[in-house]
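The residues making up each chain are set out below.
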Amino acid sequence: MKYWKYMIFAVCVLVAISLPKFLGVYPLQMLNIIFIYMALAVSWDMLLRSGQMSLGVAGFCGIGGYTTVLCTINLGLNPLVSILIGALLAGLIALLVGYAVLHLRLLYFAIVTLAVTEIFRILVRNFDITGGPEGIILPNAIFKGDAAGTYWLMLAIAVFTIILSWVFQKTRIHFALTSTANDEIVAASSGLNIFKYLVIVFVITSAIQGMVGGAYAQIYGFVTPESSFSVNFVLLPVTMVLLGGSNSTWGPVIGAVLLSVIAEALKLVIPYGHLLVYGIIMIVAILWLPGGIYGIFKKIGAKAHN
Amino acid sequence: MALLKTTNLTRQFGGLAALSDVSMEINEKEVVGVIGPNGAGKSTFTNVIAGLYLPTSGKIEFKGRDISMTLAHERCHLGIARTFQLMRPLHGLNMLENIMMGGLFGKGHSLKVARNNAMEICQFMALEKVERPISAMTALEIKKMEIARALATEPSLLFLDEVMAGLNKDETMEMIETVRKINGQGMTIIIIEHVMRVIRELTHRVIVLEWGKVLCEGLYEDVSADQRVITAYLGEESEC
Amino acid sequence: MINSIVNKFRQRNFVLGFVAVLVIFVLLGIYKPYVLIEGIQRSSLYALIALPMALLLGVVGIINLAHGDFMMLGAYFAYFMNVQLGMDPLVAVVPALIVFFIFGMISYYITFKHVIGAPELNQLLLGFGLSLVLGQAVNIIATNQPRKLSLDYVSSSMKIGDFQFGTYEFIYVAAAILVLVGLQLFLKKTRTGQAALAVGQNPRGAKVVGININWIYLIVFAISVAIIGAIGPIFGTRNTIFPEVGLAYTLKSFALIAVAGIGSLTGVLWVSLILGLSECLVLSSLEYAKWSDIIFFALIIGVIMYRSHQRQVK
């Protein structure tokens, strides 16, 4: 069996856990960013495997972020607990939205998820309890801003997401999502309740996005309508998945690492308009690189195997 | 008691009735052929029974239960399985995984049970090298795989929608044997087919559709001699 | 055309809807006349922008998520023509039509041509990427500083009694009707238009009967981009422009089309009226003005939910 794969993963995780012993604050912060987008990219890809695309990543991040901050400030809850509550609420909203619209596909679904993002952005901007346009500032960042603590938190979320993505690939969910993406009529005729699986996967991935948004808010210690619902939360994961390779766990991971590094460099080279490069990456990936970078690796691997 | 019974089954698309007032009964362990010229409503009939379209009016009873308004996957759970006129393999899965779909979702088996059952069905259907991707399979193998996928749902009624189309003579013979074997295990089968020899060799009874209506039904020999059926087919040919 | 209108009046639902709209007009006209006027103007702008997308999506089934960004480009085109050459933006509509027709062809060749027949998801992602590229390219070239042309004729107004309203915005109404009639004529009276309808219904069948479907996709895409590009200058005369200005209009256009039913060009006009009037009504009250955007999103979600439900019971 392919136990070596899990061994490598375990070793990587152990090394990653020990990194704060060796690295300074800046590299750790950089890694935090990578983990944030890695979790978002992998979770976005998990739903994409069914052929459906959510443009609500930013929305669920924002919902998670605002919920966790409100829970900490108004209810005095432990930040970690409030992150979980943020994830739960994001999942709950995804359940309502998914239940209402997942009989429709693709563009309709994508647009509704985008509309949900906008509605929540407007809501938090207009309500007093959410601090209006200025947002809310937490008195303390999580772990009092300790770099190692926040690093471990983000690492845990990223690893959790990756393991969940594996579970998706190793269980009946893999069959359900692949068949839905391939041919819904065949899937339904084979007894698959497509709607049920789409809702389940949408809820789970949205909850992860809510959790990431919550952790983000706790780490940086504030939420605002613009930063918490930032379009980057949907733009970057999408680009990462397309660049790294969709329909896999490792594709989005590779994409997240690569693009986060590229993004840092690009911000210095083209301060305004570095998003242009993301657009070009997306177009190139769709037209000429359908499997992404991971797809190239797999092809080379298959050739070597033969 | 009839396994499947339709009463005045009608399905309209826009103003056009693709199926109108179709009443028929299918008994257990029977092999029934449904024939008719192109556009007679054979495919619509399959799709309405399999739950892809809901009927505009009329009633479908299966095992004595009214299933007119149930959805496709629910009908699969009840025991109606089908293949498709055009080959529809799931390209993202390999041969065995395609067949496992039926056990996993039709019967709710675990991965392990579904896999074992799929292996058994592969053996029954004489499908080899089961871990192959779809791209490495021949048309005959894909057709067999689709039947296997339907069988994996452990149905009591199996629809075969033009499974012989595009096969050569030897392949057709092989397929006829396979279908006979499936029926030998007690399966009720409805065959929709253009190849008349298949109908003659396999079916106990034939139902002829024309313009969405039942034209006549009976034994193959009687039906094929019926003047109305000949006109229906010849009429179609002369139009071509 | 008159026949089809007469036929429509024979349908009960249509008459009911027509009467309802008339009643709303009259009531609104008495209650808040400026809301009625502004609402009609705003609706026409929405309809105007949505129509080229309705053509592309409704007739040949291509979804172009960079729709609003082509309009943004058109607006910048007019802006720089005005600043550099002193050309009036309304005159710039003519060169914009030509420039964007060619630009649409090029964009199609580079991008959308390769995803025709591929899963719809690829079209969406491609449009998403293209939108980003167009917006960010403008961001780099022209910076993201908001720009506005100062033209004196756009603030022309009229007074009836003691009630004053802007008249320039009626250009949206005229343009929307012009585009609608033009598109209808194109689809009904030209061979290309008829072929486009055929391709939309059944690409394979159209190919069999000898229609060059690649050419049709190309032409319809280019026409759609040409029109939206030429709407840019009109949009730019009255509105502040910045690189992301088009995004909201892509969304609104799609929402209008989804509500009207994909394929219905006149439907877009009616739905725009409802959206524009309700937005203006909410905007007119100071207390609730900040909620006006919610109306639009609630409309999208409500209608899509309704469609989802319909699909379920089909």
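Everything below is about the structure printed above this text.
Residues numbered from 1 in each chain as written. Chains lettered and ligands numbered in written order. Predicted model: local features only at pLDDT ≥ 70, side-chain atom pairs only at ≥ 80, totals over all residues. Heavy atoms only, no water.

1. Here's the deal with the interface of chain A and chain B
Next, step 1: If you look at the interface, chain A gives 20 residues, while chain B gives 25 residues.
Next, step 2: A buried area of about 1,800 Å², summed over both sides, lies between chain A and chain B, and 69% of it is on carbon and sulfur atoms.
Next, step 3: The largest per-residue losses of area from chain A upon contact with chain B belong to A:Arg172, A:Phe175 and A:Ser190, which jointly make up 34% of the total buried on that side.
Next, step 4: Counting across the chain A and chain B interface gives one salt bridge.
Next, step 5: Of the charged contacts, one joins A:Asp183 and B:Arg88 as a salt bridge, the two residues approaching to 2.8 Å between their closest N and O atoms.
Next, step 6: Between the two partners, chain A and chain B, sit seven residue pairs in polar contact (both at pLDDT 80 or more).
Next, step 7: When residues of the side of chain A that touches chain B are traced back to their parent elements, those giving at least two are α7 (172–182) and α8 (184–189) of chain A. (Contact = heavy atoms within 4.5 Å. Buried area = accessible area lost by both parts, 1.4 Å probe. Salt bridge = Lys/Arg side-chain N within 4 Å of Asp/Glu carboxyl O. Polar contact = N/O pair within 3.5 Å; in protein donor to acceptor, adjacent residues only side chain to side chain. Helix = DSSP H or I, 4+ residues; strand = E, 2+ residues; numbered from the N terminus.)

2. Quick look at the side chain of B:Asn98
Next, step 1: You can see B:Asn98 is positioned in helix α3 (residues 95–106).
Next, step 2: Setting aside residues no more than four positions away along its own chain, B:Asn98 makes contact with B:Pro89, B:Leu90, B:Leu93, B:Ile134, B:Met145 and B:Arg149.

3. Considerations on helix α1 (residues 3–18) of chain A
Residues and elements named next belong to chain A.
Next, step 1: The end-to-end C-alpha distance of α1, which contains 16 residues, comes to 23 Å, matching closely the 22 Å that a straight helix rising 1.5 Å per residue would cover.
Next, step 2: If you check which residues of α1 are buried, you get Phe9, Val13 and Ala16. The buried residues of α1 occupy one face: seen down the axis, they fall within an arc of 65°. Exposed and oriented more than 90 degrees from the buried face of α1 are Tyr3, Trp4, Met7 and Leu14.
Next, step 3: Structurally, α1 contributes buried residues whose contacts are with α6 (147–170) and α12 (250–269). (Expected span 1.5 Å × (residues − 1). Buried < 20%, exposed > 50% of the residue type's maximum accessible area, 1.4 Å probe, protein only. Arc of directions from axis to C-beta.)

4. Thoughts on the state of the cysteines
Residue and element names in this part refer to chain B.
Next, step 1: In total, this model carries zero disulfides over all chains according to the counting rule given.
Next, step 2: In this structure Cys122 is not part of a disulfide, and its nearest cysteine sulfur, from Cys76, lies 17 Å away.
Next, step 3: In this structure Cys122 comes out as buried when scored by relative accessible area, which is 2%. (Disulfide = S-S within 2.5 Å.)

5. Quick word on the nonpolar core
Next, step 1: Core analysis: the largest hydrophobic core is formed by 252 residues, its most contacted members being A:Met53, B:Ile99, B:Leu158, B:Ile189, C:Val60 and C:Phe254.
Next, step 2: Among the elements that take part in this core, helix α2 (residues 25–48) of chain A stands out by supplying 16 residues, more than any other.
Next, step 3: Not counting chain neighbours up to four residues away, the residues in contact with B:Ile99 comprise B:Ala118, B:Cys122, B:Leu127, B:Met145, B:Ala148, B:Arg149 and B:Ala152.
Next, step 4: Residues B:Leu3, B:Val34, B:Ile49 and B:Phe159 belong to the second largest nonpolar core, which totals 23 residues. (Core = buried A, V, L, I, M, F, W, Y, C linked by side-chain atoms within 4.5 Å.)

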